[in-house]
Structures are given as structure tokens and as C-alpha cells.
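Spelled out, the chains give:
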Number of protein chains: 2
Amino acid sequence: MSTQIVLYDIPSAHPHNAWTPNTLKTRYALNYKGLQYTTEWVEYPDIESVSKDIGAAPTGNKPDGRPHYTLPAIRDLSTGAVISDSTKIAAYLDRTYPDTPRLMPARGFGLFCAFGDAVYPLLDPLFPGAYFRRTREESYGMPLEALAPTGEAGAAAWQKLRDNFGKMDEWFRAGGEDGPGVYMMGDAVCYADMWLAAYVLWVKLLLPEKWENMKTWHGGRWATLLENLEKYETVV
Amino acid sequence: MSTQIVLYDIPSAHPHNAWTPNTLKTRYALNYKGLQYTTEWVEYPDIESVSKDIGAAPTGNKPDGRPHYTLPAIRDLSTGAVISDSTKIAAYLDRTYPDTPRLMPARGFGLFCAFGDAVYPLLDPLFPGAYFRRTREESYGMPLEALAPTGEAGAAAWQKLRDNFGKMDEWFRAGGEDGPGVYMMGDAVCYADMWLAAYVLWVKLLLPEKWENMKTWHGGRWATLLENLEKYETVV
């Protein structure tokens, strides 16, 4: 395959270079599709200038109205396309590479945008205020793990996060359709699974002591999800 | 078709007996599938006792922990099943009547639950506090239209609602995949379209002066959606 895609990601000292779950989503997607790509590592303060250089669209506005640039972004050398926003990237990859495994059902873009919007508030105990900042389209401007609450507040937040994941656990059960599913849409992994797995992987890599607890939640659903997607974690 | 389903709905003096968008969702679904059904009208104060009588599961808990019952519910006389919660009803109808038009893609239940959770906060300008009440699993306990803000606050809320519908308008555009779609998932209507249309229809029926404005939004997308679904509005 002559396809060559450049993934723009943010480096860190953490395992897998993990910094934000958002770029992990795109990495899962590229690996799952088996598309050839390379990574261009962009330090956090350089995101805006690099995005402008490659012609990536801003994904929102800062509070003062100026455009706000985020990663992941991809540049597809075979088509010239430059796409930012992980859900838009997933939709682009599905329509541009129809012979690779699909991330979403046909025309699933709107539903998968809604999926993300529904999950962000459920992650709030993990990144307090991050959802609010996101909806205000401000930048985090700091490593996400610095937001994770500690001490007594941390214990309460962790319990709340478990309850919230319990809600998502019900989504996997498909309303009783055919028993507990491993993936959101049945036998095949879809972008919603990768989307969630990116946060679970982030916890495993950056908050390993929390992961010891989380991996036991909901019959081990989240640990099983990560195991099943492990072959798509590769960082190239 | 010998199928006979009873839909439990809440009566009102409004056109179409419309009281809550939630039962309109199920009505769209039953009509779209062409299933034979009758309506059992349940006055608001009787919801709990009727639900218990027919064996409908509560859909949440009240703040004091007691079970909370809501409509719609359906009773399927051909299978004996009693289902509450409109999204669970939609999933039940898809799996029980596989020869009728699908409301969701296979195993779409989780995504459609997430869709609802993502949209509720966007409806907050229309029903201020209703989403909060819902997440607290309290009952509205009053006609929803009584919540709609009026005067200057109403004008600001209406503008905010328009912005929020603008966000959903983007979901329909499928990330640029194949231009603006009439339905969320392309050429065929799906439960997400009915879900949204139920709120739009509710505005049209109960706040007709607001509808005059709303029907012009986003290139007439919401008016077109209602027109396309009008044949599934029938109240039987």
C-alpha cells in the first residue's frame, strides 16, 4: 500500500508517549485499518503554529474568539487532505479507504459525535472541569493527569467515575438484545469502543495505581476491552 | 398482522394529545414500523399505579430512592412483554419484529442511548432545569411548556436553543461525507431522527408562535424533518 499518512501527536515521557486520550483514539483507528502512517511529534506549545503550517482547521474558538487548534490532526500525502478533530478523522478514513475495516456504520458520523458529547460529562470525575473547559473551548494547557483529584476528594471522584462507567456498561448490554457485548455494536469493534478505550488506556498508562482498581470494574469489561484492542496500540 | 401492542400515553388538551415528547418518540416508531397498536391514555397522577399494574419496570429512582415510573410503556399482547423507556422500546421492537423497517442499526442500542444523553443538555433552553431534573431522576410533575422561559429571558433562551440545534445540524452533515443529509444516518429515517423530531413536533404543537421562527432555522432542516415524518404522526 502506497498510502502514507502523517499523524500529528503530542510527545510525553509517559509509556506510549501518551499525553492526551484524543490522539490515542486516532492511533487505534489507523492501526485497526492497517493504514501506513508515520508520527510527527509536536510539543504542546507548537500545536498552533504547526497546525497553521500544514493547513489544519481549528477545532473551536478560544474564549476571546481566536481560533483554537488541537491535535490529533492527520495529513494524507496521497490525497493532500489535512483533517483535525478525531471523529472527523475517523469519518475521513472510512470514506477515503473503503476497503479497510469500517470504524462507523455508514453515515454514522452524527451518532458518533453525539456519543462523544454524551461521554465527556461522564469522564468529569477523572478530569474535573475539563469538560467544562472543553465546552468553553479553552485549552487544557496542562497535563491532564494534573487535574485528577487526590486524597479524600479523589476517592469520592473515583467512586463517581465507577458509577458513570456503570452507565456505559449498560450501553454495551444492548438493552437485553443479545446479552452483554464485548463491543458497543456487537462482534466487531467500532470507533465508539476505541473512543472509550483511549481513556481506559490513558488511565492504565498514566495512573497505574488507579488502573489496579478499574480493571476489576463491571466484570472486567474495561480490562477485556483493552486486551482486545492491545494489538492496535502500536506507536509508530 | 395479528400483532396487538398497547401504547401507554399521557392525554392532554393539546393537538395530537401531545404532553411529553417521550411518548411521541414511541408513536413515531410504532407507526413507522406499521405495527398494529392501540393507545391506553393514562392521566399523569396514575402513571405509577398503572405501571405497577401492568408490570412495567421503573426507569429510574426518585431522590428518596423509591422507584420512579414513566411513560411511554408498551405491552405486547403477542409476547406478553412489557417495556418502559422509549429507547428500550425501540430496541425491543427492532428485535421482536425483524421484518419491519429498522429503527437502529444492529446493536445500535448503546449509541442511541448516548445520542439521547448528548441531546438532553442541548434542549435545556427549551425546558430549563428539566435535564437537571431528569438526571436527578425526579419527575417533571408539570406540563413541560410551563417551563419554557418567557420575555427577555425567553428570547435569549430561544437564541441559545437555535445555536444548540446548529450543533445538531452539523451532525446531519456527516462530516462532509456526502453533503447535508435529510436524516441522521442518510437516506433512511432512524430512531435518532424520530427522537429529535418528537421535540420539534412538540414545539410545533404546543408553542406554535415559536415554531414560526424555528421552522426557518438551518435551511429549514427541522421543518423538512417534520414534513417527512408527518405520515408517522398518526394518533390511534
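This is a predicted model, so every value here is computed, not measured.

Reading the values: rules and limits
Residues numbered from 1 in each chain as written. Chains lettered and ligands numbered in written order. Predicted model: local features only at pLDDT ≥ 70, side-chain atom pairs only at ≥ 80, totals over all residues. Heavy atoms only, no water. Least-squares fit on C-alpha atoms with pLDDT ≥ 70 in both. Contact = heavy atoms within 4.5 Å. Salt bridge = Lys/Arg side-chain N within 4 Å of Asp/Glu carboxyl O. Helix = DSSP H or I, 4+ residues; strand = E, 2+ residues; numbered from the N terminus. Buried < 20%, exposed > 50% of the residue type's maximum accessible area, 1.4 Å probe, protein only. Pairing = 2+ DSSP bridges. UniProt positions renumbered as here; feature names shortened; annotations may be inferred. Polar contact = N/O pair within 3.5 Å; in protein donor to acceptor, adjacent residues only side chain to side chain. Axes fitted to C-alpha atoms, helices over the stretch in contact; angles between N-to-C directions. Domains from an automatic or database assignment. Buried area = accessible area lost by both parts, 1.4 Å probe. Nonpolar A, V, L, I, M, F, W, Y, C, P; charged D, E, K, R; others polar.

1. Some words on the relation of the copies chain B and chain A
One copy of the chain maps onto the other through a rotation about an axis plus a displacement along that axis. Each copy superposes on the other: chain B lies on chain A with an RMSD of 0.0 Å after a rotation of 180 degrees and an axial shift of 0.0 Å. In the structure described here, the two chain copies are related by an operation that fits a two-fold rotation axis. Minimal C-alpha separation from the rotation axis in chain B is found for A118 of chain B, amounting to 2.1 Å. Here 100% of the interface residues in chain B have copies in chain A that are interface residues too; the copies meet face to matching face.

2. Structural notes on the pattern of salt bridges
Here the idea is simple: oppositely charged side chains can pair when their charged atoms come close. All names here are of chain B. Counted by the stated rule, this structure contains 20 salt bridges over all chains. Of the charged contacts in the structure, one is a salt bridge between D9 and R27, with a shortest N-O distance of 2.8 Å. Of the two residues, D9 is situated in strand β1 (residues 5–9) and R27 in helix α1 (residues 21–33); the sequence distance between them amounts to 18 residues. Each member of the pair, D9 together with R27, is buried. Across the pair R221 and D169 runs a salt bridge, and its minimum N-O distance is 2.5 Å.

3. Details of the pairing of strand β2 (residues 37–41) of chain B
The sheet contact formed by β1 of chain B and β2 of chain B spans five bridges and is parallel. If you follow V6 of chain B over to β2 of chain B, its bridge partner there is T38 of chain B.

4. What about the UniProt feature "domain: GST N-terminal" (unreviewed entry) in chain A?
Following the UniProt record, the feature "domain: GST N-terminal" (unreviewed entry) maps to residues 10–101 of chain A here. Structurally, residues 10–101 of chain A comprises 35% helix and 17% strand, and the distance from its first C-alpha atom to its last is 26 Å.

5. With respect to the interface of chain B and chain A
Accessible area lost on assembly of the parts is the figure often given for the size of an interface. The interface is formed by 31 residues belonging to chain B together with 31 residues belonging to chain A. Our count for the chain B to chain A interface comes out at two salt bridges. We note a salt bridge from K167 of chain B to D117 of chain A, for which the minimum N-O separation is 2.9 Å. Our count for the chain B to chain A interface comes out at six residue pairs in polar contact (both at pLDDT 80 or more). Ranked by the residues each element gives to the side of chain B that touches chain A, the list is headed by helix α4 (residues 109–122) of chain B, at nine residues.

6. Quick notes on the sheet that holds β2 of chain B
The strands making up a sheet associate through backbone hydrogen bonding, with each pair oriented either parallel or antiparallel. Residues and elements named next belong to chain B. If you trace the four strands from one edge of the open sheet to the other, you get β2-β1-β5-β6, paired in mixed fashion. In this open sheet, the two edge strands, each paired with only one partner strand, are β2 and β6 (82–84). In this sheet, adjacent strand axes meet at a mean angle of 20 degrees when their direction is disregarded. Where α1 meets the sheet, its contacts fall on β1, β2 and β5 (73–76), and the angle it forms with β1 comes to roughly 160 degrees.

7. Notes on the domain arrangement of chain A
All names here are of chain A. One can read the domain layout of chain A as domain 1 (5–96) and domain 2 (109–232). Taken residue by residue, the interface counts 26 residues in domain 1 and 29 residues in domain 2. Together, the buried faces of domain 1 and domain 2 total about 2,400 Å²; carbon and sulfur atoms form 67% of this surface. Among the residues domain 1 hides against domain 2, the three largest losses belong to K25, Y28 and Y32. Together they make up 30% of the total. Inspection of the region where domain 1 meets domain 2 yields zero salt bridges. Summed over the shared surface of domain 1 and domain 2, the number is four residue pairs in polar contact (both at pLDDT 80 or more). Contributing elements (two or more residues each) for the side of domain 1 that touches domain 2: α1 (21–33), β3 (60–61) and α3 (86–96). Looking at the side of domain 1 that touches domain 2, the element that brings in the most residues is α1, giving nine residues. Here the side of domain 1 that touches domain 2 is built from residues that sort into twelve nonpolar, ten polar and four charged.

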